[in-house]
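Coordinate inspection notes
Next come the chains, spelled out residue by residue.
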Amino acid sequence: MDYLMFCDYCGMPKPIEEHIMREYFWIASHVYCSHCEIANVIPDELQSLALEMRDDRYGSKD
Ligand SMILES: [Zn+2]
């Protein structure tokens, strides 16, 4: 399923595809609004969720 982030500035919802979340969110700190192009901070919850998704797919490293 896709996740939704809402822009802090214009309020536009931005759908985040699962693979974007898994491959990108754990290492990124911001995501750009597709409407006003302002960088929104990725919330900690989504970052830890992204890390979990990564662990599920690739196994945790160490
Ligand atoms: Zn925006």
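Fair warning: this is a prediction, and the values are worked out from it, not measured in the lab. (Residues numbered from 1 in each chain as written. Predicted model: local features only at pLDDT ≥ 70, side-chain atom pairs only at ≥ 80, totals over all residues.)

Notes on the overall build of the protein chain
On a plain count of helices and strands, the protein chain comes out with two helices and four strands. Written out in order from the N terminus, the α and β elements of the protein chain read β-β-α-β-β-α. Counting only C-alpha atoms and orienting by the principal axes, one finds that the protein chain spans roughly 40 × 20 × 15 Å. Residues classed as buried in the protein chain amount to 5% of the 62 residues present. Residue pairs at least 24 apart in sequence account for 40% of intrachain contacts in the protein chain once pairs closer than 6 positions are excluded. (Helix = DSSP H or I, 4+ residues; strand = E, 2+ residues; numbered from the N terminus. Buried ≥ 20, exposed ≤ 12 C-beta atoms within 10 Å, placed from the backbone. Contact = placed C-beta atoms within 7 Å.)

Quick look at the packing of helix H1 (residues 18–25) against helix H2 (residues 44–58)
It is at 8 Å that the axes of H1 and H2 come closest, and there the two elements cross at 95°. Taken together, the axis directions place H1 and H2 in an arrangement best described as roughly perpendicular. For the pair H1 and H2, the contacting residues are Met-21, Arg-22 and Phe-25 in the first and Leu-46, Gln-47, Ala-50, Met-53, Arg-54 and Arg-57 in the second. Of the residues assigned to the contact of H1 with H2, the class counts are five nonpolar, one polar and three charged. (Axes fitted to C-alpha atoms, helices over the stretch in contact; angles between N-to-C directions. Parallel < 35°, antiparallel > 145°, perpendicular 65-115°, else oblique. Nonpolar A, V, L, I, M, F, W, Y, C, P; charged D, E, K, R; others polar.)

Some words on the environment of Glu-18
If you trace the backbone, Glu-18 turns up in helix H1. For Glu-18, a count of 12 C-beta atoms within 10 Å puts it in the exposed group. Along the chain, Glu-18 and Asp-2 lie 16 residues apart, while their C-alpha atoms are 5.6 Å from each other. Excluding residues that lie within four positions of it along the chain, Glu-18 makes contacts with Met-1 and Asp-2.

Examining the pairing of strand S1 (residues 3–6)
Where S1 and strand S2 (residues 13–16) come together, four bridges link them in antiparallel fashion. Across the sheet, residue Phe-6 finds its bridge partner in S2, namely Pro-13. Hairpin connection between S1 and S2: a loop of six residues separates the two successive antiparallel strands, and Gly-11 in this loop has a positive phi of roughly 80°. (Pairing = 2+ DSSP bridges.)

Points about the environment of Leu-51
Structurally, Leu-51 can be placed in helix H2. C-beta crowding within 10 Å serves as the criterion here: with 15 such atoms nearby, Leu-51 is assigned to the partly exposed category. The spacing of Leu-51 and Ala-39 is 12 residues in sequence and 21 Å in space, taken between C-alpha atoms.

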